[in-house]
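# Observations on the model geometry
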Amino acid sequence: MNSSATGRWGLRFLGLGYIAVLLIAPLILLFYKTFEEGLAPPFEAITSGDGLHALKLTLLTVVIAVPINTVFGVICSLLLVRHKWKGNWLIDAAINLPFAISPVVIGLSLFLLYGKNGWFEPGLAEAGIKILFSTPGIVLACVFVSVPFVVRETVPVLQEIGTEQEQAAETLGANAWQTFWRVTLPAIRWGVAYGVVLCTARVLGEFGAVSVVSGNISGETQTLPLFVEKNYENFNLPGAFGAAVLLALLALVVLMAMNLLKRKEAA
Amino acid sequence: MGISVEGAGKSFGDFQALDDVSIEVPDGSLTALLGPSGSGKSTLLRAIAGLETLDTGRVTIDGADVSKTPTQKREVGFVFQHYAAFKHMTVYENVGFGLKIRKWKKDAIRTRVDELLNLVQLPGLADRYPSQLSGGQRQRMALARALAVQPQVLLLDEPFGALDAKVRKDLRTWLRNLHEEMNVTTIFVTHDQEEAMDVAGQLVVMNQGRVEQSGSADDLYDKPANEFVMSFVGEVNRLGDSYVRPHDIEIVRDRDEKTEEAMVQRIVALGFEIRVELVLGDGTEVWAQLTRSEAQRLELQEGQIAYLRPVHAKSFNGSPPSNPRGASTPHGSTDGDDAEVSAAA
C-alpha cells in the first residue's frame, strides 16, 4: 500500500467514523430503546387515538403542502430563469428566507398575521375561518418552511437545459402551454422530483413553526413530531420512541425514493 | 415562398446586432448567410423565424407581413446548431412532434414519420433516443422534424457547425440534393465560405450587422464590392492600396515595367498546389499560389530574386488598380441581372 492509498483509507475511516458516531449511533440506540420490551408497547402507543391522529394529520399536511410548493416552485423557477427581470434578485433572496430564518420565528410571524389582533384576524373571524390552532395554520407553517426546496432543485436544471428545445417546439407550432407540458416539464422532471422529495422530508419533520401555531392539542392539532415531544415530556417513553421511529422510517422511505431518482437520472 | 426582410434593426443593449438590413430571398432558392461571428447572421435568421423580435423593419414571407406573427404560426422549419433534440423523446416522437401538435391521426403520423426517416436516411432508428445517435444522425433527425410539418421555409442555423469535417462534407452534398428534391425555400447560416459556396446558389455576406454584398458565389469572388468581401470570400494579398488573390500573382524570371521585385522566402509543396511566400522590397509579405508544373518550370529556389506580376488586382477606395489588366470593381458592383439575391444594405 503506497502513501496515497493510506491517506485515502484514512480519510474514508474518518468520514465513516464521523457518520457512525454522530448519525448512525443515535438512530440505532433509538431503535434499540423503542423495541427493548418488544413490539407491543410502542405499537400500542402509536395506535392509540392520539398517535393515529397525529400520523394522519402529518400525512394530511404533506399531501396539501407539498403539491402547493411543487406548483409554486416550478412557476417560480420559470420566472427566475426564463423571464429576465430586474427584480429577480429580490424573488431569489426571498425564496431563501425560510432557510435563513429559524422556524420558531416563522411561527411567530404567522401569529402576528393571523393571531389575535393580527392583520388578517378581523376578516377571517368574520368569515368564520380559524387559522391558528387548527389544520390551516399547520399547513401554512409547513408551506412556509418548505418553499425553497423545489425552486432550488429546479432552477439549475432549467438553466442547464437551455432554451433551444423550447424554441424548437415553438417553431414546430407548439403554444406556450404545449411547450411547457411536452418539452420543458419532461426535461426538468428529475430536478422537480428531487425537490419534491426534500420538501416532503422537511414537512414530515417540521417542529418549530408548527409548535408555535398549532397549540399542540393532543388528538386535534398535534403532528407526529409534536406527539413525540409531548410524550417525551410526560415520560411516556414507549409513545415517544414509537412515534420517533415511525417518523424516522417515513423519512428513510423518502430518502430511498430520492436515491432511486438519482440513479434513474444518471441512467 | 419568397422571403424578404426590409430595414431590419436589432440591438442587444449597446451591441447593434442588425443595422438596417434588407435581403430578398426568391421562392425555392437555397441562400447562405455568410459572415464572421457577431456579424448578425444568426440574429437575422432568428428574426425571420420570430425567435427574435426586431426593433425596426419587417419580415415578409410569401408576400405576407409576419413581423407580428408569433413563431408557432409562421410555419418555418428551424434547425439549430446543437440540434435541440427533445432528449426525452425517441427519434419517432421527435420527428412526429409537430404533427402531434397539429392533431394528426396516429396512422397518418406513422406514415409521414416513416417517409421522413427514409428521406433523411435514418430508417430503423425510430425507437432510439437522441443520446444513442451520432452528431450527424441527430442533425438529420432535427431536419426531418423540421420538414415534417411541411414548412413554408426552412431555416438552418450553422447546421453543420458542431460536426467533424468528414461528416460535414457529406451532409453538405446531401443537403444540396435534398433541397433540389424538396424545393423548399431555404436559408442557412454559416461562417465557412467554402461551405456557403458549396451548398448555396445565393450568398449574402454580412459583417457588423450589415449586408456587405449579395450574389452568386462567382459574383462575390470575382466582383467583390469591398475589401471585406474580397478578403472574407477567398484568400487575398494586400499590395499597397490594392488586393490580389494568390492565384492571380504571376511569377516571372525577367523584370519589365509591370513587375515588382521580390525575394522567395519559402516554398511549400501542398500536393498539386505550391505555395510560394515572398517578401517585397518594402518588406510587404505576399504569397502566390502556383500549380506544380508552373513551379517546376520556374525552377524557383528559396532565397532567390523573382519578379511578380499581379493580374486582376482590385482597389476599393477609388484609386486606380496597380495593374491595368486587373478588373477593378467600384463599390456595390453586384451585377443586378445575374444575382438572384439583391441586397440594399
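Within any chain, residue numbers begin from 1 and follow the written order of that chain's sequence. Each chain takes a letter, starting from A, and each ligand takes a number, starting from 1, following the order in which they are written. Only residues with pLDDT of 70 or above have their local features reported here, since the model is predicted, and side-chain atom pairs are shown and tallied only from 80 upward, although totals for entire chains, interfaces and linings are computed over all residues.

Time to look at the overall build of chain B. Within chain B one finds nine helices and 18 strands. Dimensions of chain B along its principal axes, counting C-alpha atoms only, are 80 × 45 × 35 Å. Burial analysis of chain B (345 residues in total) assigns 43% to the buried set. When contacts within chain B are restricted to residue pairs at least 6 apart in sequence, those whose partners lie at least 24 apart make up 65%. Helix numbering and strand numbering both begin at the N terminus, where a helix is a DSSP run of H or I of at least 4 residues and a strand a DSSP run of E of at least 2. The exposure scheme places C-beta atoms from the backbone and then counts, for each residue, the other C-beta atoms within 10 Å of its own, assigning buried at 20 or more, exposed at 12 or fewer, and partly exposed in between. Residues are treated as contacting if the C-beta atoms built from their backbones sit within 7 Å of each other.

We now examine the overall build of chain A. Along its length, chain A carries 13 helices and zero strands. Helices and strands appear in chain A in the N-to-C order α-α-α-α-α-α-α-α-α-α-α-α-α. Overall, the C-alpha framework of chain A stretches about 75 × 65 × 30 Å when taken along its three principal axes. Across the 267 residues that make up chain A, the buried fraction comes to 37%. Long-range contacts, defined here as pairs at least 24 residues apart, represent 75% of the contacts in chain A between residues at least 6 apart.

Each partner contributes to the interface: chain A provides 14 residues, whereas chain B provides 19 residues. When residues of the side of chain A that touches chain B are traced back to their parent elements, those giving at least two are α9 (164-171) and α10 (176-205) of chain A. Tallying contributions element by element places α9(A) first for the side of chain A that touches chain B, with six residues. Each residue gets one label: Ala, Val, Leu, Ile, Met, Phe, Trp, Tyr, Cys and Pro are nonpolar, Asp, Glu, Lys and Arg are charged, and the others, such as Gly, are polar. Looking at the side of chain A that touches chain B residue by residue, the classes come out as six nonpolar, six polar and two charged.

Think of interface size as the accessible area that goes away when the parts come together; that is how it is often given. Residues and elements named next belong to chain A. According to the domain assignment, chain A contains domain 1 (1-34) and domain 2 (45-266). Relative placement of domain 1 and domain 2: their C-alpha centres are 31 Å apart. Facing five residues of domain 1, the contacting portion of domain 2 comprises five residues. For the side of domain 1 that touches domain 2, the residue count by class is three nonpolar, one polar and one charged. Segmentation of the chain into domains, including their bounds, is taken from an automatic or database domain assignment.

Residue and element names in this part refer to chain B. By the bridge criterion, five bridges tie strand β1 (residues 3-12) to strand β4 (residues 56-61) in an arrangement that is antiparallel. If you follow Ser4 over to β4, its bridge partner there is Thr60. One ladder, built from seven bridges, connects β1 with strand β2 (residues 15-25); its direction is antiparallel. Paired with Ser11 across the strands is Gln16, a residue of β2. The turn linking β1 back onto β2 is made up of two residues, and Gly13 within it adopts a positive phi angle of 60 degrees. Two strands pair if DSSP finds at least two bridges between them.

So, about α9(A). With six of eight residues buried, α9(A) lies mostly within the body of the structure. Among the residues of α9(A), those classed as buried are A:Gln165, A:Gln167, A:Ala168, A:Ala169, A:Glu170 and A:Thr171. The inward-facing, buried residues of α9(A) contact α8 (148-161) and α10 of chain A together with α1 (41-49) and β6 (76-79) of chain B. Looking at the residues trailing α9(A), positive phi occurs at A:Gly173, about 105 degrees.

All names here are of chain B. The sheet built from four strands is open, its strands ordered β2-β1-β4-β5 with antiparallel pairing. The sheet is open, and its two borders are formed by β2 and β5 (64-65), each paired with just one other strand. Helix-sheet contacts for α1 involve β1, β2 and β4, and the interaxial angle to β1 is about 115 degrees. Each axis is a line fitted through C-alpha atoms, taken for helices only over the stretch in contact, and angles between the N-to-C directions span 0 to 180 degrees.

Moving on: the packing of helix α2 (residues 91-101) of chain B against helix α3 (residues 106-119) of chain B. All names here are of chain B. Their axes nearest at 10 Å, the elements α2 and α3 cross at an angle of 130 degrees. The pairing of α2 with α3 is recorded here as oblique in orientation. Handedness of the α2/α3 crossing: right-handed. Along the contact surface, α2 presents Tyr92, Val95, Gly96, Leu99 and Lys100, while α3 presents Ile109, Arg112, Val113, Leu116 and Leu117. Broken down by class, the residue content of the contact of α2 with α3 amounts to seven nonpolar, one polar and two charged. Oblique is the label for any angle not under 35 degrees, not over 145, and not in the 65 to 115 range, which are roughly parallel, roughly antiparallel and roughly perpendicular in turn. Should the near helix be turned counterclockwise from the far one by less than a right angle, the crossing is left-handed, whereas a clockwise turn marks it as right-handed.

Residues and elements named next belong to chain B. Checked against the element boundaries, Val79 lands in strand β6. It is 9.1 Å that separates the C-alpha atoms of Val79 and Phe188, two residues lying 109 residues apart in sequence. When residues no more than four places from it in sequence are discounted, the contact partners of Val79 are Ala142, Leu143, Ala146, Leu156, Asp157 and Pro159.

All names here are of chain B. Going residue by residue along strand β16 (residues 285-291), you find Val286, Ala288 and Leu290 tucked away on one face and Glu285, Trp287, Gln289 and Thr291 left uncovered on the opposite face. As paired elements, strand β15 (residues 273-280) and β16 share seven bridges and run antiparallel to each other. Each bridged residue has a counterpart across the sheet, and for Glu273 the counterpart in β16 is Thr291. The turn linking β15 back onto β16 is made up of four residues, and Gly283 within it adopts a positive phi angle of 90 degrees.

All names here are of chain B. Summing up the model confidence of chain B, the mean pLDDT is 87 and the portion of residues at 70 or higher is 92%. Summary of the metric used: pLDDT quantifies the predictor's per-residue confidence within the range 0 to 100. Across residues 319-345, confidence stays below pLDDT 50; counting only partners more than four residues off in sequence or on other chains, it has 77 contacts. On the interface metric, ipTM, the complex scores 0.81, and its pTM is 0.82.

What follows deals with the nonpolar core. Counting residues in hydrophobic clusters, the biggest one holds 95 residues, and the most contacted among them are B:Ile48 and B:Leu155. If you tally residues by element for this core, the top one is helix α4 (residues 135-148) of chain B, at seven residues. Not counting chain neighbours up to four residues away, the residues in contact with B:Ile48 comprise B:Ile3, B:Val5, B:Val59, B:Val76, B:Leu155 and B:Ile187. In this structure, A:Leu80, A:Leu110, A:Ala209 and A:Val212 belong to the second largest nonpolar core, which totals 55 residues. Each nonpolar core reported here comprises buried Ala, Val, Leu, Ile, Met, Phe, Trp, Tyr and Cys residues connected via C-beta atoms within 7 Å.

For chain A, per-residue confidence averages 89 on the pLDDT scale, and residues scoring 70 or more make up 99% of the total. Highest mean pLDDT in chain A belongs to α9(A) (96); lowest belongs to helix α6 (residues 121-127) of chain A (80).

Take the sheet that holds strand β11 (residues 237-239) of chain B next. Sheets are built from strands paired through backbone hydrogen bonds, the pairs being either parallel or antiparallel. All names here are of chain B. Ordered by their spatial adjacency, three strands build an open sheet running β11-β12-β18, and the pairing between neighbours is antiparallel. The two strands at the open ends of the sheet, each matched to only one other strand, are β11 and β18 (314-315). For β11 and strand β12 (residues 242-244), the ladder comprises three bridges, and the chain directions are antiparallel. Its bridge partner lying in β12, Arg238 is registered against Tyr243.

The next subject is the environment of B:Val76. Residue position: B:Val76 is located in strand β6. B:Val76 sits 97 residues away from B:Thr173 along the chain, and the two C-alpha atoms are 22 Å apart.

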